[in-house]
Amino acid sequence: MTQDEHWQTMFDAYMKFMKDNKRCPSKYKAEERKLVNWLKYNRKMRNKGLLDEARLAKLSELFELSEKYRRVNQHAYLNGN
């Protein structure tokens, strides 16, 4: 498996997880930690400017979906923010 194929596999797994569970993976659950670490690594590469345009476009799609499932704290939920 090439690096591009592995990256695409992880991307698909992350998207499938969010669509199936209606939430982002948790760093506190061992079975979800691999997805969390993959995204954390890709954020670092994006911030350093080392990701190519195709991966940046896909990550922006992933970030849009993750914003939809963003966890809301109790204060924001009760006050409608």
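Residues numbered from 1 in each chain as written. Predicted model: local features only at pLDDT ≥ 70, side-chain atom pairs only at ≥ 80, totals over all residues. Heavy atoms only, no water.

A. Fine view of the packing of aromatic side chains. In total, this model carries 3 aromatic pairs according to the counting rule given. Centre to centre, the rings of Trp7 and Trp38 are 5.4 Å apart; their planes meet at 55°, and the pair counts as tilted. With Trp7 in helix H1 (residues 3-21) and Trp38 in helix H2 (residues 33-48), the pair connects residues that are 31 residues apart, well separated along the chain. Take Trp7: its relative accessible area is 6%, and that puts it in the buried class. Taken together, a centroid distance of 6.2 Å and an interplanar angle of 40° make the contact between Tyr14 and Trp38 tilted. Taken together, the residues Tyr14 in helix H1 and Trp38 in helix H2 connect sequence positions 24 residues apart. Under the relative-accessibility criterion, Tyr14 is labelled buried at 3%. Members of the aromatic cluster, connected to one another through ring pairs, are Trp7, Phe11, Tyr14 and Trp38. (Phe/Tyr/Trp six-rings, centres within 6.5 Å; stacked < 30°, edge-to-face > 60°. Helix = DSSP H or I, 4+ residues; strand = E, 2+ residues; numbered from the N terminus. Buried < 20%, exposed > 50% of the residue type's maximum accessible area, 1.4 Å probe, protein only.)

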